[in-house]
Amino acid sequence: MTEPSSSTLPDVDIDLSAHAPVAIEPPRVMLHMPVDVRSLSLVVLATLACLFVLHWASAVFIPLVAGVLVSYALSPAVDWLQRHRIPRVLSAALLILGALGGVAGTGYFLSDDANKLVETLPAAAQKLRMSLRALPGAPDSTLATVQRAASQLEQAAEESNRVAPVGRSVQRVQIEKPKFDIKDHLWSGTMGVLAALGQLGTAALIAFFLMASGDQFRRKLVKLAGPTLSKKRVTLQALNQIHDQIQRYMLVQLFTSAVVGVATWLCFLALGVEHAAVWGIAAGVLDLIPYVGSIVIAGGSALVSFLQFGTVEMALLVSGLSLLIHTIEAFLLTPWLTSRANKMNPVAVFVGVLAWGWLWGIWGLLLGVPILVVVKAICDRVDDLKPVGEFLGD
């Protein structure tokens, strides 16, 4: 074997710097997710359209949703009365009339105490502000400084905007603000009350019709599921599970709200807080609003207790007791009574309450969490919507 001559070897320039150690980058981990821009755009547009319709037709959707939820909560009582040979229509009518009568009677009985409680709030705020200013060695607050600066700026602006004397040939024009007319405010307030009563009556009628019809709507949905027996069976099972899950949540929510209301009333009564019954009703109703309701009750009770007892310690005791009742209900009683399927993600609950409150106001705050529970129950039973149910779940 002969070695190749040097004339046949190509000339190669060797760069020694190329053999220097080079840092090797770790392999990139890519997340492969099927993203269809067209489908995503359609979903965004459909979501925006739904939000617009929900906000625009809130006068229709609010009583509809409230009536459906009330029917879920009262259906067990109607079923029990039907088993005792009382017609379903009569049972539903008696329950609806009894619920409306109870709400009206409670409101009438506590109306005087509620008015007195509302009248004491400005005085309590004024007394709290004076007490904070009277603290020994406490400098002027930033808010007071800003208020003084604002008043000085307003005075300077008024001096600079004073009307200069005009000549005889110039006609002076002065714009007067419209006078306060109490009739306009009374009319707007009356219309607001009538609108609320109308929505309450519509919700009661919807709940009555749903409870009186029984399983009629579920049977129609089963018929629309498909011609085969297997599809009808699967649809019926899913509808029964969704119905049981929503009904269980509504019953637990009503029970825990009643417990919170009674416990708040008894504790405030033991401490000597005035209008304890009103505070109990308010605590039970606002317990339907997560996070926000407990803060409102704690802050309001602390303010009124400070006005009544005159000490910060007593105000802190009353508000702390209110927060303790809501904490025990939220972290011990409700998780014990609620099944795993009904547990919600706290972040999703908070964002949902904010979103529905933006859409429907106070009604959205009250109905936001039940709506999320309904959406989660439906998504857990539909294959294509299971990711949404997983996101809403705990």
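The model shown is predicted, which means the values in this text are computed figures rather than measured ones.

Colleague: Outline helix α2 (residues 58-83), supporting the account with residue identities and numerical values.
Modeller: Given 3.6 residues per helical turn, the α-helix brings residues three or four places apart onto the same face. With 26 residues, α2 should reach 38 Å at 1.5 Å per residue; the first-to-last C-alpha distance of 37 Å fits that figure. The sharpest bend along α2 measures roughly 45 degrees and falls at leucine 74, with the proline proline 76 sitting one to four residues further on. Downstream of α2 by a residue or two, arginine 85 has a phi angle that is positive, lying close to 65 degrees.

Colleague: Describe the environment of histidine 55, listing the residues and the values that go with them.
Modeller: For histidine 55, the position within the fold is in helix α1 (residues 37-56). Taking the C-alpha atoms as reference points, histidine 55 and tryptophan 358, 303 residues apart in sequence, are found 9.0 Å from one another. Once you skip the residues sitting within four places of it in the chain, histidine 55 turns out to touch Leu359 and Trp360.

Colleague: Describe the environment of valine 312, with residues and values.
Modeller: Mapped onto the elements of the fold, valine 312 is located in helix α11 (residues 312-337). Separated by 10 residues in sequence, valine 312 and alanine 302 have C-alpha atoms that sit 8.5 Å apart.

Colleague: Can you lay out the packing of α2 against helix α3 (residues 88-109) for me, pointing to particular residues and giving the numbers?
Modeller: Closest axis-to-axis distance for the α2/α3 pair is 9 Å, and the angle between their directions is 135 degrees. With respect to their mutual orientation, α2 and α3 come out oblique. Our pair here, α2 against α3, has a crossing hand that is right-handed. Across the interface between the two elements, Leu74, Ala77, Val78, Asp79, Leu81 and Gln82 from α2 touch Arg88, Ser91, Ala92, Leu95 and Ile96 from α3.

Colleague: Could you give me a rundown of the pattern of salt bridges, with the residues and numbers involved?
Modeller: Per the stated rule, a full pass over the model turns up two salt bridges. For aspartate 79, the salt bridge is made with arginine 88, and the minimal N-O distance between the two is 2.8 Å. Of the residues examined, arginine 88 reaches a relative accessible area of 14% and is grouped as buried. With a shortest N-O distance of 2.9 Å, lysine 376 and aspartate 380 are connected by a salt bridge. Of this pair, lysine 376 and aspartate 380 both sit in helix α13 (residues 362-381), four residues apart, which is roughly one turn of that helix. Of the residues examined, lysine 376 reaches a relative accessible area of 6% and is grouped as buried.

Colleague: Give a description of the packing of aromatic side chains that names residues and reports values.
Modeller: Per the stated rule, a full pass over the model turns up four aromatic pairs. When the ring of phenylalanine 208 is compared with that of phenylalanine 209, the centres are 5.4 Å apart and the planes differ by 55 degrees; the resulting orientation is tilted. By relative accessible area, which is 19% here, phenylalanine 208 ends up buried. Overall, the relative accessible area of 51% leaves phenylalanine 209 in the exposed class. Ring centres 6.4 Å apart and planes at 70 degrees place the aromatic pair phenylalanine 268 and tryptophan 279 in the edge-to-face group. Of the two residues, phenylalanine 268 sits in helix α8 (residues 229-271) while tryptophan 279 sits in helix α9 (residues 276-286), which places them 11 residues apart along the sequence. The exposure class of tryptophan 279 is buried, given its relative accessible area of 7%.

What counts and how
Residues numbered from 1 in each chain as written. Predicted model: local features only at pLDDT ≥ 70, side-chain atom pairs only at ≥ 80, totals over all residues. Heavy atoms only, no water. Helix = DSSP H or I, 4+ residues; strand = E, 2+ residues; numbered from the N terminus. Expected span 1.5 Å × (residues − 1). Bend = angle between axes of the 7 residues up to and from the residue. Contact = heavy atoms within 4.5 Å. Axes fitted to C-alpha atoms, helices over the stretch in contact; angles between N-to-C directions. Parallel < 35°, antiparallel > 145°, perpendicular 65-115°, else oblique. Left-handed = near helix turned anticlockwise from the far one by under 90°. Salt bridge = Lys/Arg side-chain N within 4 Å of Asp/Glu carboxyl O. Buried < 20%, exposed > 50% of the residue type's maximum accessible area, 1.4 Å probe, protein only. Phe/Tyr/Trp six-rings, centres within 6.5 Å; stacked < 30°, edge-to-face > 60°.

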